[in-house]
Amino acid sequence: GAGVSQTPSNKVTEKGKDVELRCDPISGHTALYWYRQSLGQGLEFLIYFQGNSAPDKSGLPSDRFSAERTGGSVSTLTIQRTQQEDSAVYLCASSLGGGTGRRKLFFGSGTQLSVL
Amino acid sequence: GESVGLHLPTLSVQEGDNSIINCAYSNSASDYFIWYKQESGKGPQFIIDIRSNMDKRQGQRVTVLLNKTVKHLSLQIAATQPGDSAVYFCAEDGFGNEKLTFGTGTRLTIIP
């Protein structure tokens, strides 16, 4: 079956513009995550969706960042008024969720965001 | 939250030799750990996982060791191949909320 799909793979934008990044998780996965990876760095948690529960937004760096997940499937990460420091790879992951044996995250290839 | 750290940022190993990548974690409540491999331009790929009720787990050419006493995790790769060159991340779930915390990563280079 298909893995986690992220679009676009690359996005170049001007400072101050808004961007939307899309993630299609693996079918049947109830948990969806967004992480950010700056050049040569580890993965920084942004937000986590699990089923119909309220999302864990504790990792969002500012109120310019938001995400939603429609119908328990596709998710969109929106960055408003982009800044140069937002430049990074944005990774989406999904998992079966719901317990210790179901926490294995499957990652997409990421969206490389460049803010000029 | 507590962070996961790695002892070495880079590691070079001769092809065919075994490699060991280390990871220190600080949250004694962590009950699940994962190793990921990330090749250039790709997302992290699952390698192997281990629960805190285990000390060792083996996969194909890879072994993960967990020492809860000193809060240390290691990934052993046997008979390394050029395709093993990548950045390796350890991650922990220390809060029971299914939110993994990742370390900075170790870049493994296999020398032909």
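Caption draft 1: Seen up close, the overall build of chain B. Summing up its helical and strand segments, chain B has zero helices and eleven strands in all. Along its sequence from the N terminus, chain B presents helices and strands in the succession β-β-β-β-β-β-β-β-β-β-β. The contacts of chain B with a sequence gap of at least 6 include a subset with a gap of at least 24, amounting to 53%. Surface summary for chain B: the accessible area is close to 5,400 Å², and the carbon and sulfur share equals 46%.

Caption draft 2: Broad picture of the overall build of chain A. Tallying secondary structure elements over chain A gives zero helices and ten strands in all. Reading chain A from its N end, one meets helices and strands in the order β-β-β-β-β-β-β-β-β-β. Against the compact-globule benchmark of 13 Å for 116 residues, chain A has a radius of gyration of 14 Å, which places it among compact chains. If one aligns the C-alpha atoms of chain A with their principal axes, the spans along those axes are about 40 × 25 × 25 Å. The buried share among the 116 residues of chain A stands at 47%. When contacts within chain A are restricted to residue pairs at least 6 apart in sequence, long-range pairs at least 24 apart make up 55% of them. With the model as given, the accessible surface of chain A reaches about 5,500 Å², and the carbon-plus-sulfur share is 45%. With 12 positive and 10 negative side-chain charges, chain A shows a spacing of 6 Å between the two charge centroids.

Caption draft 3: Inspection of unusual backbone geometry at higher detail. At the junction of Thr7 of chain A and Pro8 of chain A, the peptide bond is cis and its omega measures out at -10° in the coordinates. Even without glycine at this site, Lys71 of chain B takes up a positive phi of about 50°. Mapping Lys71 of chain B onto the fold places it in the loop between strand S7 (62–67) and strand S8 (72–77). The phi torsion at Ala79 of chain B lies on the positive side, around 45°, for a residue other than glycine. One can find Ala79 of chain B in the loop between S8 and strand S9 (86–93).

Parameters at a glance
- Each chain has its residues counted from 1, following the order in which its sequence is written.
- Whichever chain is written first becomes A and whichever ligand is written first becomes 1, with later ones labelled in order.
- In view of the model being predicted, local features appear only for residues whose pLDDT reaches at least 70, and side-chain atom pairs are presented and counted only at 80 or more, with totals across whole chains, interfaces and linings using the full set of residues.
- Water and hydrogen atoms play no part in the side-chain values, which are based on all heavy atoms of the structure.
- Numbering of helices and strands runs from the N terminus, with a helix taken as a DSSP run of H or I at least four residues long and a strand as a DSSP run of E at least two residues long.
- Residues count as neighbours in contact if any of their non-hydrogen atoms are within 4.5 Å of one another.
- To be clear on the numbers: accessible area is Shrake-Rupley with a 1.4 Å probe, and residue cover counts the displayed protein chains and nothing else.
- Radius of gyration: C-alpha atoms only; globule rule: 2.2 Å multiplied by the number of residues to the exponent 0.38.
- For every residue, the accessible area obtained with a 1.4 Å probe (protein chains only) is divided by the maximum for its type, and the residue is called buried under 20%, exposed over 50%, and partly exposed between those limits.
- The sign given to each residue is positive for Lys and Arg and negative for Asp and Glu; His and the chain ends receive no count.
- The location of each charge is read from NZ of Lys, CZ of Arg, CG of Asp or CD of Glu.

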